[in-house]
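# Topology and contacts: notes
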Amino acid sequence: MFTGLVEEIGVVQSVIKGSKSAKIVIKAKKILEDIKIGDSICTNGVCLTVTDFNDNSFSVDVMAETMRKSNLKKLVPGNKVNLERALKLGDRLGGHIVSGHIDGTGTILSFDKEDNAVWVTIKTTPEILKYIIYKGSITVDGISLTVAYIDNSIFKVSIIPHTKVVTTLLHKSIGDKVNLECDTVGKYIEKLLNHNNIADNKSNSINMEFLSKHGFL
């Protein structure tokens, strides 16, 4: 598990692509301090396993499903990536619980400066938007952020100067893809509700009748 608090910006050294997969070597420094084979490193929001390392870099294998689902397939040497080591028990949880199992990608539509912050507008699919809530948490390329606006096609986050310095987000361009992971709580609730409804042969929609029957109204 991760927190969405980026520890370091790494630089892609090489990408060796298979027919559907890839082996990526990433230059880093802080991440390497206590690294070992088999460690999990959140890379642009994707949980990857360290397969090799030296004093200056580490290697990861990216399987076909991850390539399809994420923006890692776009990486080329020289690209910068957000890196975070797995959370240790006893560490402060300054962001939110992040699994590194992304839901898909979004497309950056705009950057709009407001005083000391920058609003980033991201378009994504209805399948992802349904799990995003106003003032809830969202992970964008491995960064824990608060949803400041949402409608039926987009959501917005506001980036403070510190986040600009320690992550890659504001170095991206309009049209770039970003990896998205929604808060897991909503997905668990949906699964439990759907399981109960299927078992009871009932509709899986949440409506006024459902809320009233279960004491929410």
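Details of the structure are given in the entry above.
Since this is a predicted model, take the numbers as computed values, not measurements.

Calculation notes
Residues numbered from 1 in each chain as written. Predicted model: local features only at pLDDT ≥ 70, side-chain atom pairs only at ≥ 80, totals over all residues. Heavy atoms only, no water. Helix = DSSP H or I, 4+ residues; strand = E, 2+ residues; numbered from the N terminus. Rg over C-alpha atoms; globule rule 2.2 N^0.38 Å. Buried < 20%, exposed > 50% of the residue type's maximum accessible area, 1.4 Å probe, protein only. Contact = heavy atoms within 4.5 Å. Lys, Arg positive; Asp, Glu negative; His and termini not counted. Charge placed at Lys NZ, Arg CZ, Asp CG, Glu CD. Polar contact = N/O pair within 3.5 Å; in protein donor to acceptor, adjacent residues only side chain to side chain. Patch = residues over 30% accessible without salt bridge, like charges linked within 9 Å, V, L, I, M, F, W, Y side chains within 5 Å. Areas by Shrake-Rupley, 256 points an atom, 1.4 Å probe, with all protein chains shown as cover. Salt bridge = Lys/Arg side-chain N within 4 Å of Asp/Glu carboxyl O. Disulfide = S-S within 2.5 Å. Phe/Tyr/Trp six-rings, centres within 6.5 Å; stacked < 30°, edge-to-face > 60°. Lys NZ or Arg CZ within 6 Å of the ring centre and 35° of its normal. Core = buried A, V, L, I, M, F, W, Y, C linked by side-chain atoms within 4.5 Å.

### So, the overall build of the protein chain
From N to C terminus, the protein chain includes five helices and 12 strands. Over its C-alpha trace the protein chain gives a radius of gyration of 19 Å, about what one expects of a compact globule, namely 17 Å for 217 residues. With the principal axes as the frame, the protein chain shows a C-alpha extent of 60 × 45 × 40 Å. Looking at the protein chain as a whole, 41% of its 217 residues are labelled buried. For the protein chain, restricting intrachain contacts to residue pairs at least 6 apart in sequence, the fraction spanning at least 24 positions comes to 67%. On the protein chain, the mean spot of the 27 positive side-chain charges and the mean spot of the 24 negative ones are 3 Å from each other.

### Comments concerning the environment of Gly-106
As for its placement among the helices and strands, Gly-106 is situated in strand β7 (residues 104–114). Overall, the relative accessible area of 1% leaves Gly-106 in the buried class. With residues near it in sequence (within four places) discarded, Gly-106 still touches Ile-122, Lys-123, Thr-124, Asp-176, Lys-177, Val-178 and Leu-180.

### A few points about the side chain of Asn-71
Here Asn-71 is to be found in the loop between α1 (64–69) and β6 (80–85). Only 3.1 Å separates the side chain of Asn-71 from the side chain of Asp-141, close enough to count as a polar contact. Among residues more than four places away in sequence, those in contact with Asn-71 are Asn-44, Thr-105, Asp-141, Lys-177, Val-178 and Asn-179.

### Here's the deal with a positive patch on the surface
A contiguous patch of positive charge, built from Lys-17, Lys-73, Lys-74 and Lys-177, is present on the exposed surface. Of note, Lys-73 is situated in the loop between α1 and β6. Look at Lys-73 and you get partly exposed, because its relative accessible area is 34%.

### Overview of the state of the cysteines
A complete count under the given rule lists zero disulfides for this structure. The closest cysteine sulfur to the non-disulfide-bonded Cys-47 is located on Cys-42, 7.0 Å from its own sulfur. Accessibility expressed as a relative area gives 26% for Cys-47, which makes it partly exposed. Here Cys-182 stays unpaired: no disulfide links it, and the sulfur of Cys-42, its closest cysteine neighbor, is 14 Å away.

### Re the packing of aromatic side chains
In total, this model carries zero aromatic pairs according to the counting rule given. The ring of Tyr-149 carries Lys-156 above its face, with NZ or CZ at 5.2 Å from the centroid.

### Thoughts on the nonpolar core
With 22 residues, the main nonpolar core has Val-120, Ile-132, Ile-138, Val-140, Leu-145, Phe-155 and Leu-169 as its most contacted residues. For this core, the secondary structure elements donating two or more residues are β8 (117–123), α2 (126–129), β9 (137–140), β10 (143–150), β11 (154–159) and β12 (177–182). Once residues lying within four places of it in the same chain are set aside, the contact partners of Leu-169 are Ile-108, Phe-111, Val-120, Val-140, Ile-143, Leu-145, Ile-159 and Val-178. Membership of the second largest hydrophobic core comes to 21 residues, among which are Ala-22, Ile-26, Ile-35 and Val-62.

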